[in-house]
Amino acid sequence: MLVAAAVAALPWFFDVGGIATDVRTWLLETFGLGLGVIAAVLVAWGVAGWRRNREERLLFGRRVLGTAFLGLFAWGALGLNTADWTIAGVHLREVTLGGDIGHWIVSGWINVLVWLASGVLALALLAPRFSLATLQYTRRGIAYAWAERWPHLTLAALWRGLAAIARLFRRRGHRADAAVIGAPGEAAGASPPAPVIFRPRVEPGAPQAAAVDAPPSPPAQFEDETVEPPHVEDPVEETPEDPPDDPDGQEEPQQLAFEEKSGWQLPPIELLQEPRPSSDHKHDNAARAQLIVDTLASFGVDASVVEINEGPAVTQFGVEPGWEVRYKEVAIKDADGKTVMGADGRPAKERVETGRTRVRVNKITALQSDLALALAAPSLRIEAPVPGRAIVGIEVPNESATVVTLRTGMESSEYRDMSRKSRLAIALGQGVSGVPVVANLAKMPHLLIAGATGSGKSVCLNAIVTNIITNATPDEVRFIMIDPKRVEMTTYSRLPHLAFSEVIVDLDKVVGTLQAVVAEMEARYRKFSDIGVRNIEAYNRHARVLKKLPYWVLIIDELADLMMVAPFEVEKLLCRLAQLARATGIHLVVATQRPSVDVVTGLIKANFPTRIAFAVTSITDSRTILDMGGAEKLLGQGDMLYLPTDAGKPKRIQGVYVSDAEVERLVEFWADERFHALRPDTADDLLEEALVAQNGSDDIEVEDEDPLLDDARDLAGRHTRLSPSLLQRRLNVGYLKAERLITALEREGILGPRIEGESREVLAGSAPDEDA
């Protein structure tokens, strides 16, 4: 190609004669420097054709068309230039640098519009990501400038069309780039760079492909498994489920409908473990159904099993109550009305049905222990009646349970439909009939979880967090995590989704953290008031909003620890958030392993309408969390009762299981270096202001004659370290009073400065007799 180009260029730089001169002059006057543009386009087409065997057809077409439009735009730009250049005796000033054709391309307003459109199309086809970002910022400026005036529908329609073209070809380009992964012809043993992949969001049976971008760190592999390159498709922007009305009754100005690309990419579903049944054992449900019928009949209860629903951990037998038939014996008489005598000389009698009534449901529920004995079941739960059905549900544990993985729930059609409506979609598990159960945290709007140790409460919290970080970017959802136990939530400390720069583990910061969340809620209400909207959905859709607000999810792993430290402040702040934070996009998930009335108070329970109960030790705890019994009969290991806001009775669910390895893989994905430049700013200033305000209110001067200060000095002299909890126990004071005493001792130089997660060191004092 280079030699041929050199030979062809000789007549342009050396004198030639005859017909060759006339041909050269005509070409320069007609095409001008557009000959170079044509040559460049042909070379680009040749390169695209050479690479076509490794790319998708649509990507090839996009590059060919984009290069052609770019060449047309460049040729028109040359037609606008009348520089005084002379090439091979031709004065280009007379015909422009683009020749006669270049001059024609930009002559007339119709031709100019076509020329400008060719440039826009070339940009959209060859650089869809850049063009989409440019359109995003351009339409925001226009929308802001004209928010209070006529909406200019024609201009808005133009932006929408251009954005749709850019998004379409960008999606096709991502699909086509997937062919590079594992392409034939790679060197044996060579390891291709691990792909940066969008999380898949595809329908069953739809063609799937993988997308690559920058080479990230390869994710950790499953045990005994190989993670294949993921199949992806661009996420689609969905409309909120229930758009609120404008408070003034007028239609609010809408933003132009195309998606904002911030650079974040969702993790692939392949980072989660594939469903693997724990056992292939088939339960003899027909025999167990007959045993239920026989046991009930032995106690004089007529019933029949009309349906069997086998779930992951339990099987529900639908029992239909029979009839109680009343009979009486009547003497048999002949045609003459005389009594017929039997062979024994006594009057012959027959049984005649005199009436029948349905078997009462409480007769079946009263035999719960007898049924458990007959079925050799460790525990048995009867749901009478099943909501919406004319049957009594008898739930019998399976001999071997099936593990419900998170990936199973997220790949279900129910979860896909829910995730299109909300970034806070959660796959909870599978019901007693094996149907996936999903929920929307934004509709709950707050969740209270309770269960004994080992019942699956912490796994449920991990599943909720994993669901959200798999489906939402840090620009869409932020977390505030409070983990007094210091072992459950610290794994997420590197997530860019954290609203604060750390997971709160210090009990001294709990009240300040809740106050910071309340301050954020009040700040959001002020923003809503400024533009006249009612909730976060309307705010994020408003034309005057240049930066959308993310949802905040506050997760508290152990409420009992917080209630022990500052019960009044914690209850007051939690109730205030539960009452007001829903409209601002702030949602609470609170868990406890001790659902007693002093932890789950009446005020807290009244403001948390959605509740999940895992296995508890007594019916009292079950009534505290659910207002009814049943949780004491659960099996543990993820077996739960889910009580949504719109249901009168709880649903039994086998919760999804998320392993520590899955959580670590997702955290590694989000903590990758390629996302460091995209990390949003934290709200540490809110937390710092709240802590300063809290300490400022607590740092009231303690009078020297206060006897408690002398007792605190004496206590410091007998210990090497001192903490507010020690003062609370020894001096029988509240948390705030203990903090004031600690601050006074620090001012006197008796205690050292505060160190994160540790008690205060005693700087002056006698030898200790015990450790703090």
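The coordinates are above.
All residue numbers refer to positions counted from 1 along the written sequence of the respective chain. Totals for whole chains, interfaces and linings use all residues, but because this is a predicted model, local features are given only for residues with pLDDT of at least 70 and pairs of side-chain atoms are given and counted only at 80 or more. Excluded from the side-chain calculations are hydrogens and water; all other atoms, namely the structure's heavy atoms, are used.

## Considerations on the pairing of strand β17 (residues 651-655)
- Within β17, four of the five residues are buried, which leaves the element mostly enclosed by the surrounding structure.
- Relative to β17, strand β9 (residues 425-431) runs antiparallel, the two being bridged by three bridges. Each residue of the ladder has a partner; that of G429, found in β17, is G655.
- Strands are labelled as partners when DSSP assigns at least two bridges between them. Only DSSP runs of H or I covering at least 4 residues are called helices, and only runs of E covering at least 2 are called strands; the numbering of each starts at the N terminus. Of the pairings in the sheet, the one linking strand β16 (residues 639-643) to β17 comprises four bridges and is antiparallel in character. Paired with L641 across the strands is R652, a residue of β17. Burial classes: relative accessible area under 20% of the type maximum marks a residue as buried, over 50% as exposed, and values in between as partly exposed (1.4 Å probe, protein chains only).

## Section: the packing of helix α23 (residues 707-717) against helix α24 (residues 724-731)
- Axis separation between α23 and α24 bottoms out at 11 Å; the angle between their running directions is 115°. With respect to the hand of their crossing, α23 and α24 are arranged in right-handed fashion. Residue-level contacts link L708, D711, A712 and L715 of α23 to L726, L727, R730 and L731 of α24.
- Class assignment of the residues belonging to the contact of α23 with α24 gives a composition of six nonpolar, no polar and two charged. Axis definition: a line fitted to C-alpha atoms, limited for helices to the stretch in contact. Angles are taken between N-to-C directions and run from 0 to 180 degrees. Crossing handedness: left-handed means the near helix sits turned counterclockwise from the far one by under a right angle, and right-handed means the same turn made clockwise. Note on definitions: a residue-residue contact is assigned when non-hydrogen atoms from the two residues lie within 4.5 Å. Three classes are used: nonpolar for Ala, Val, Leu, Ile, Met, Phe, Trp, Tyr, Cys and Pro, charged for Asp, Glu, Lys and Arg, and polar for all others, with Gly counted as polar.

## Remarks on the nonpolar core
- Side-chain atoms within 4.5 Å are what join buried Ala, Val, Leu, Ile, Met, Phe, Trp, Tyr and Cys residues into a set we call a nonpolar core. Counting residues in hydrophobic clusters, the biggest one holds 66 residues, and the most contacted among them are I449, I468, F479, V553, V589 and I612.
- For this core, the element with the most residues is helix α14 (residues 457-471), which contributes seven residues.
- In contact with I612, other than residues within four places in its own chain, are L428, L447, L448, I449, A450, C460, I625, M640, L641 and Y642.

## Some words on the packing of aromatic side chains
- Centres within 6.5 Å are what make two rings of Phe, Tyr or Trp a pair, Trp counting through its six-membered ring; a difference in plane orientation under 30 degrees is then read as stacked, over 60 as edge-to-face, and the rest as tilted. With the rule as written, the count across this model stands at nine aromatic pairs.
- Centroid distance F669 to W670: 5.6 Å. Interplanar angle 85°. Geometry classified as edge-to-face. Like F669, the residue W670 is buried in the burial classification.
- Centre to centre, the rings of F669 and F675 are 5.7 Å apart; their planes meet at 65°, and the pair counts as edge-to-face.
- Taken together through their ring pairs, the aromatic side chains of W264, F669, W670 and F675 make up a single cluster.
- Across the ring face of F669, the terminal group of R674 is positioned such that the distance to the ring centre comes to 4.9 Å. Only when the NZ atom of a Lys or the CZ atom of an Arg is both within 6 Å of the ring centre and within 35 degrees of the ring normal do we say a charge sits over the ring.

## Comments concerning the pattern of salt bridges
- A pairing counts as a salt bridge when a side-chain nitrogen of Lys or Arg comes within 4 Å of a carboxyl oxygen of Asp or Glu. All chains considered together, the criterion is met by 23 salt bridges.
- With a shortest N-O distance of 2.9 Å, E353 and R356 are connected by a salt bridge.
- R713 serves as the salt-bridge partner of E748, at 2.8 Å between the closest nitrogen and oxygen. Residue E748 is located in the loop between α25 (735-747) and β19 (760-761), and its partner R713 is located in helix α23; the two are separated by 35 residues in the primary sequence.
- According to the relative accessible area criterion, E748 is partly exposed, its value standing at 37%.
- Given a relative accessible area of 26%, R713 falls into the partly exposed group.
- Overlapping salt bridges bring together R381, E395, D639 and R652 as one network.

## Things to note about the sheet that holds strand β3 (residues 303-310)
- In space, the four strands of this open sheet follow the order β3-β4-β8-β7, with antiparallel pairing throughout. With one partner strand each, in any of the chains shown, β3 and β7 (381-383) form the two edges of the open sheet. The average angle at which neighbouring strand axes cross in this sheet is 25°, direction not considered.
- Bridge analysis of β3 against strand β4 (residues 314-321) gives seven bridges, and the strand direction is antiparallel. Residue E310 lies in a different strand from β4, and its bridge partner there is T315.

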